[in-house]
Amino acid sequence: MSKTTRWGIIGTGSIAKSFARGLKDTPKAELIAVGSRNQENADKFGDMFSVPVKCPSYQELADFADIDAIYISTPHPFHKENTIMCLQAGKPVLCEKPFAINSQEAAIMVQTARDNGVFLMEAMWSRYLPVMQHVRKWLDDGTIGEVRWVSADFGFRANMNPQSRLFNRELGGGALLDVGIYVTSFASFVLGPRPNRIQTLANMGNTGVDEQNTLLLGYNNGAMAVLTSSLRTTTPHEARIVGTEGNISIQPPFYKAEKATLTIGDHVEEIELNINGNGYNYEAIEVGHCLNKGLLESSVMPLDETVAIMKILDEARAQWGFTYPTE
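Residues numbered from 1 in each chain as written. Predicted model: local features only at pLDDT ≥ 70, side-chain atom pairs only at ≥ 80, totals over all residues. Heavy atoms only, no water.

Chemist: What is the right way to read the nonpolar core from this model?
Modeler: What tends to happen in soluble globular proteins is that the nonpolar side chains get buried as a cluster. Counting 108 residues, the largest nonpolar core has W7, V135, F186, I241, I250 and F254 as the members making the most contacts within it. Looking at which element gives the most residues to this core, the answer is helix α7 (residues 175-191), with 12 residues. Leaving out residues up to four positions away in the same chain, I241 has contacts with V135, L139, I144, V147, W149, V150, F186, V190, G246, N247 and I248. (Core = buried A, V, L, I, M, F, W, Y, C linked by side-chain atoms within 4.5 Å. Buried < 20%, exposed > 50% of the residue type's maximum accessible area, 1.4 Å probe, protein only. Helix = DSSP H or I, 4+ residues; strand = E, 2+ residues; numbered from the N terminus. Contact = heavy atoms within 4.5 Å.)

Take a look at the structure:
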């Protein structure tokens, strides 16, 4: 019988709150601890979600003996150090996306997990949703033949604030790492994580980060993916997969879809699989499943794929001449 996973959360921002809400709809999961950089923020978050243990430092949370898994929700420039700290303390980690600033950091995190024999997974929450898992079955069954074309977009208009994490280079700002990770991971989900050609365009804003971009990925078999992300324009949030025998359209917003449509000639099939909770519960369920099975990584979001996806983002930024201060 599977046991309850006792969770700790590092960070107290909006994404941490979303994950905490998701845990309320996660079977066999309990949020027992939160860690912040100060006691006041830990207390506020703990009181909001009835968390019994409120740690005034990340290290204290990592060292807390009764935790089975830790969710890292800090800004991405801090993912590497926070994750390694937890892994070295022997704690399984679910790290928020993007996994790191670059593939070099991601590779170090993965190697640390493997060296210590501790579970690690990227929190690409949309990949675990019921509709995405059904799309996965369609693809694995060859329902639309050989996939030749993938397109996805994710853009929203953010208020310009040079100090916010979205526009601040010091905090890993830019559309690519914030929402471009969704469309890039989606292309990897469908076509694999290793394109052999990458062409990109970006509009760099006044703060030095990419405010809008497009990636064109080419694969050895001739398949292509067109991916767009933006911080200054709201896009349709659509995703399509086109094969030699048919196509799949995923209901916007594709990253939180409850419907997908399969079209093969005159045959149209729509599936609807509702999301229980806010969606973050599905990645927590996957972590609990893996831990109960004694696994060190998830087959749904393998660690080598996470690193390979980061390499795509690295190449895009290299084409723009865009680096972060920590690089």
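Once the structure has been displayed, the description carries forward.
Chemist: Mind showing me how you'd approach the sheet that holds strand β1 (residues 5-10) here?
Modeler: Paired through their backbone hydrogen bonds, the strands of a sheet run either parallel or antiparallel. If you trace the six strands from one edge of the open sheet to the other, you get β3-β2-β1-β4-β5-β6, paired in parallel fashion. Among the strands making up the open sheet, the edge pair consists of β3 (53-55) and β6 (120-123). Strand after strand, the sheet turns through a mean of 25° between neighbouring axes, direction not considered. Sheet analysis places strand β2 (residues 29-35) next to β3, joined by three bridges and oriented parallel. Each residue of the ladder has a partner; that of G35, found in β3, is C55. (Pairing = 2+ DSSP bridges. Axes fitted to C-alpha atoms, helices over the stretch in contact; angles between N-to-C directions.)

Chemist: Sorry if this is basic, but what is going on with the packing of aromatic side chains here?
Modeler: Two measures describe an aromatic ring pair: the distance that separates the ring centres and the angle between the ring planes. What the rule picks out here adds up to 10 aromatic pairs. With a centroid separation of 4.8 Å and 55° between ring planes, the pair formed by F322 and Y324 is classed as tilted. Like Y324, F322 is buried. One residue, R136, lies across the ring of F189, its end atom 4.8 Å from the ring centre. Over the aromatic face of F322 sits the side chain of R317, whose NZ or CZ is 5.8 Å from the ring centroid. (Phe/Tyr/Trp six-rings, centres within 6.5 Å; stacked < 30°, edge-to-face > 60°. Lys NZ or Arg CZ within 6 Å of the ring centre and 35° of its normal.)

Chemist: Looking at this structure, I do not really get the side chain of S229. What am I missing?
Modeler: Residue placement: S229 occurs in strand β10 (residues 224-230). Of the polar contacts made by the side chain of S229, one reaches the side chain of N213; its length is 2.9 Å. (Polar contact = N/O pair within 3.5 Å; in protein donor to acceptor, adjacent residues only side chain to side chain.)

Chemist: When you look at the pairing of strand β13 (residues 259-264) in this model, what are you seeing that I'm missing?
Modeler: Within a regular beta strand, the side chains point alternately toward one face of the sheet and then the other, so they alternate between its two faces. Across four bridges, the pairing between strand β12 (residues 247-250) and β13 is antiparallel. Note on β13: the bridge partner recorded for S249 is T261. Two elements, β13 and strand β14 (residues 267-272), share six bridges in a ladder whose sense is antiparallel. Each residue of the ladder has a partner; that of T263, found in β14, is V268. Where β13 folds back onto β14 in an antiparallel hairpin, the turn is made up of two residues, including G265, whose phi is positive at roughly 60°.

Chemist: Hey, could you run me through the pattern of salt bridges in this one?
Modeler: For side chains bearing opposite charge, pairing can occur when the charged atoms are close. A complete count under the given rule lists 14 salt bridges for this structure. Between R114 and D304 there is a salt bridge, and its shortest N-O distance comes to 3.1 Å. Here D304 lies in helix α9 (residues 303-320) and R114 lies in helix α5 (residues 103-116), a separation of 190 residues in the sequence. One salt bridge in this structure joins R165 and D178, with 2.6 Å as the shortest N-O distance. With R165 in the loop between β7 (147-155) and α7 and D178 in helix α7, this residue pair connects regions lying 13 residues apart in the sequence. Among the residues examined, R165 registers a relative accessible area of 40% and is labelled partly exposed. Residue D178 is classed as buried on the basis of its relative accessible area, which comes to 14%. Within this structure, K3, R6 and D68 form a network of salt bridges that share partners. (Salt bridge = Lys/Arg side-chain N within 4 Å of Asp/Glu carboxyl O.)

Chemist: Help me out: how do you make sense of the sheet that holds β13 in this one?
Modeler: Taken in spatial order, the eight strands make up an open sheet running β8-β9-β10-β7-β11-β12-β13-β14, and their pairing is mixed. What marks the edges here is a single partner per strand, and that holds for β8 (197-204) and β14. Strand-to-strand twist of the sheet, defined as the mean angle between neighbouring strand axes without regard to direction, takes the value 10°. The sheet contact formed by strand β9 (residues 210-218) and β10 spans seven bridges and is antiparallel. Counterpart to L215 in the pairing with β10 is L227. The strands that α9 touches are β8 and β9; relative to β8, the one it contacts most, it runs at about 55°.

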